[in-house]
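# Structural overview for review
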Amino acid sequence: MILRSDDPSAPKPSEITPKALYLDRRRFIAAGVAALGLSAVPAKAAVVIRSTVPGGPAVADKPTARDSATGYNNFYEFGTDKEDPQRNAHTLRPDPWSVRVEGAVAKPGALAVEDLIRPHVLEERVYRLRCVEGWSMVIPWIGVPLRDVLARFEPTLGAKFVAFETLLDPERMPGQRRSVLEWPYREGLRIDEAMHPLTLLAVGMYGEVLPNQNGAPVRLVVPWKYGFKSIKSIVRISLVEAQPPTSWGRSAPGEYGFYSNVNPTVDHPRWSQAKERPIGSFLRRDTLMFNGYADQVAGLYAGMDLRKDF
Amino acid sequence: MPGRGVAWRRAAGPAVFVLCLVPLAVLLARGAAGGLGANPIEALTRGLGDWALRLLVLTLALTPVRRLTGWTALARFRRMLGLFAFFYAALHVTSYVALDQFFDWRAIGLDIVKRRYMTVGMVAFALLLPLALTSTGAMIRRLGAARWKRLHRLVYVAGAAAVLHYFFMVKADVREPLIYGAVVAVLLAARIGGR
């Protein structure tokens, strides 16, 4: 089955899921049916297509070992050490899960996550992930373009920005008992960033449902921005008029800008951003402008001073 | 039983020496077994830094604890613990230079100049260096006890700089560096008050 769209990130026929991934896809669907409750999945949603995005990881960029991607995480809701989320995220209980979409939309509402995703075609997208701390991974996500989901709620003219919120529940997210950051975790995008075809609402990775520590059951993936922009375990999406506050921005405004685009020429006060260590590699390598997605996204920032709007 | 206390005292030196090498052995063994996680270079560098700081704090604690408890035998371990603190600090720096940056001297130089946690960390290490070099009996005699003592008060500055290095490095969770900071502050106050 070949699916086509005007989406620049849509796959060419030659890029349709190879056999191994097809098998993974079956695994995902099997797992997905159980965990996401997609038992009455329409045929459309049962198809995972693979998008090898232009500007995405080169052939040499093999996906990071799954154990590393699920065992080395920043998810302060479960502790501030990298190994904490894997150890502690069993308390999350991602099912049932409801996401509220509200604000400047004609049809606001709260939907179960499976109803949020069901009408769309799940895609596998292999994206680079660059953490602001100077390490990087390559991760095969499964999800749907955020813009397709938002379109169903019919954004109005007042929708200039999109604000996202993680669950607030210290019982299920024990890290929230300490005010290391302002809870709930908040992130935001400009509307054109949110509507960009690369911006993904992910429900799976490595052919399976998202593990709790990676942001189950639904998270954002914005591959040209530092990882902390890709908010996890989302419960609220608000379309708003003004630029929304973000958790890291409130914590240290001089360090974490609203845009936080991957940019090797603008250093973070704590880290040079010129290079990165791919997890699993001994040597560092050069970080690419917009994390290698400049061809697709540089236009969003034409005329902006990226040193000022970092 | 005159021999028993003497035997204990003889065994204590080598025992502390071996004990101080245990953290290094554990880190290296975990590294060799792939047990340092997804980012082993970071885990090794941080592990070595943790132990440098712990041993430095322990060294600073010996004199106040000796005065408090009257346990004079503790004074014997001051030099060894101090040198082990320096040893772990040197390995910490080596791990950063050789493994983390792979001898990228330009990047290392920029790091030290531009990142305040790196600047302060290097200051701490630079302060420990003359103390390690003048730790021998011969050097104490050459410098004279008074001058030697004055020089070695730098260890408090080094301790404070090491804690500040840690404090500046963490992003948001400052609990651990604050605990170290409180301990160093108490030890320093005890020295000033107890003199």
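Residues numbered from 1 in each chain as written. Chains lettered and ligands numbered in written order. Predicted model: local features only at pLDDT ≥ 70, side-chain atom pairs only at ≥ 80, totals over all residues. Heavy atoms only, no water.

## Concerning the pattern of salt bridges
Residues and elements named next belong to chain A.
- The full count for this structure, using the stated rule, is 30 salt bridges over all chains.
- Ionic pairing is found between R118 and D115, a salt bridge with its closest N-O pair at 2.7 Å.
- Overall, the relative accessible area of 33% leaves D115 in the partly exposed class.
- Here the residues in one salt-bridge network are E102, E165, R186 and R236, joined through shared partners. (Salt bridge = Lys/Arg side-chain N within 4 Å of Asp/Glu carboxyl O. Buried < 20%, exposed > 50% of the residue type's maximum accessible area, 1.4 Å probe, protein only.)

## Description of the pairing of strand β4 (residues 122–130) of chain A
Residue and element names in this part refer to chain A.
- Among the nine residues that make up β4, nine are buried, leaving the element largely enclosed by the rest of the structure.
- Burial along β4 is two-sided: L122, E124, V126, R128 and R130 and E123, R125, Y127 and L129, pointing in opposite directions, are all buried.
- With eight bridges joining them, β4 and strand β5 (residues 135–145) adopt antiparallel strand pairing. Counterpart to R125 in the pairing with β5 is W141.
- Where β4 folds back on β5, the antiparallel hairpin that results is connected by four residues, among which G134 adopts a positive phi of roughly 95°. (Helix = DSSP H or I, 4+ residues; strand = E, 2+ residues; numbered from the N terminus. Pairing = 2+ DSSP bridges.)

## Observations regarding the packing of aromatic side chains
- Under the counting rule described, the total for this entry stands at 19 aromatic pairs over all chains.
- Aromatic pair F75 of chain A and F78 of chain A: ring centres 4.9 Å apart, planes at 85°, arrangement edge-to-face.
- Overall, the relative accessible area of 2% leaves F78 of chain A in the buried class.
- Where F86 of chain B meets F125 of chain B, the ring centres are 5.6 Å apart and the plane angle is 0°; that geometry is what we call stacked. Taken together, the residues F86 of chain B in helix α3 (residues 78–100) and F125 of chain B in helix α5 (residues 116–133) connect sequence positions 39 residues apart.
- By relative accessible area, which is 17% here, F86 of chain B ends up buried. (Phe/Tyr/Trp six-rings, centres within 6.5 Å; stacked < 30°, edge-to-face > 60°.)

## Comments concerning the packing of helix α2 (residues 40–69) of chain B against α3 of chain B
Residue and element names in this part refer to chain B.
- Here α2 crosses α3 at 160°, and the two axes come no closer than 8 Å. When the axis of α2 is compared with that of α3, the two are roughly antiparallel. The chirality of how α2 crosses α3 is left-handed.
- Looking at side-chain class alone, the contact of α2 with α3 contains 17 nonpolar, seven polar and two charged residues. (Axes fitted to C-alpha atoms, helices over the stretch in contact; angles between N-to-C directions. Parallel < 35°, antiparallel > 145°, perpendicular 65-115°, else oblique. Left-handed = near helix turned anticlockwise from the far one by under 90°. Nonpolar A, V, L, I, M, F, W, Y, C, P; charged D, E, K, R; others polar.)

## Looking at the interface of chain A and chain B
- Between chain A and chain B, the residue contacts involve 26 residues of the former and 21 residues of the latter.
- Ranking the residues of chain A by area buried against chain B places R178, R270 and F282 of chain A at the top, with a combined share of 30%.
- Scanning the region where chain A abuts chain B turns up seven salt bridges.
- Here K114 of chain B makes a salt bridge to D267 of chain A, at a shortest N to O gap of 3.1 Å.
- Our count for the chain A to chain B interface comes out at 12 residue pairs in polar contact (both at pLDDT 80 or more).
- Along the lines of polarity and charge, the residues of the side of chain A that touches chain B split into 13 nonpolar, six polar and seven charged. (Contact = heavy atoms within 4.5 Å. Buried area = accessible area lost by both parts, 1.4 Å probe. Polar contact = N/O pair within 3.5 Å; in protein donor to acceptor, adjacent residues only side chain to side chain.)

## Brief notes about the pairing of strand β6 (residues 161–166) of chain A
Residues and elements named next belong to chain A.
- Within β6, six of the six residues are buried, leaving the element largely enclosed by the surrounding structure.
- Judged from the five bridges that link them, β6 and strand β7 (residues 186–190) form a sheet pairing that is antiparallel. Residue pairing in the sheet places E165 in a bridge with R186 of β7.
- Where β6 meets strand β11 (residues 234–240), six bridges bridge the pair, whose relative direction is antiparallel. Residue pairing across strands places F161 opposite V240, the latter belonging to β11.

## Some thoughts on the side chain of R190 of chain A
Residue and element names in this part refer to chain A.
- Positionally, R190 belongs in strand β7.
- Owing to a relative accessible area of 14%, R190 belongs among the buried residues under this scheme.
- At 2.6 Å, the side chain of R190 and the backbone oxygen of L300 are in polar contact.
- The residues touching R190, leaving out its near neighbours within four places in the chain, are K160, F161, F258, Y259, L300, Y301 and M304.

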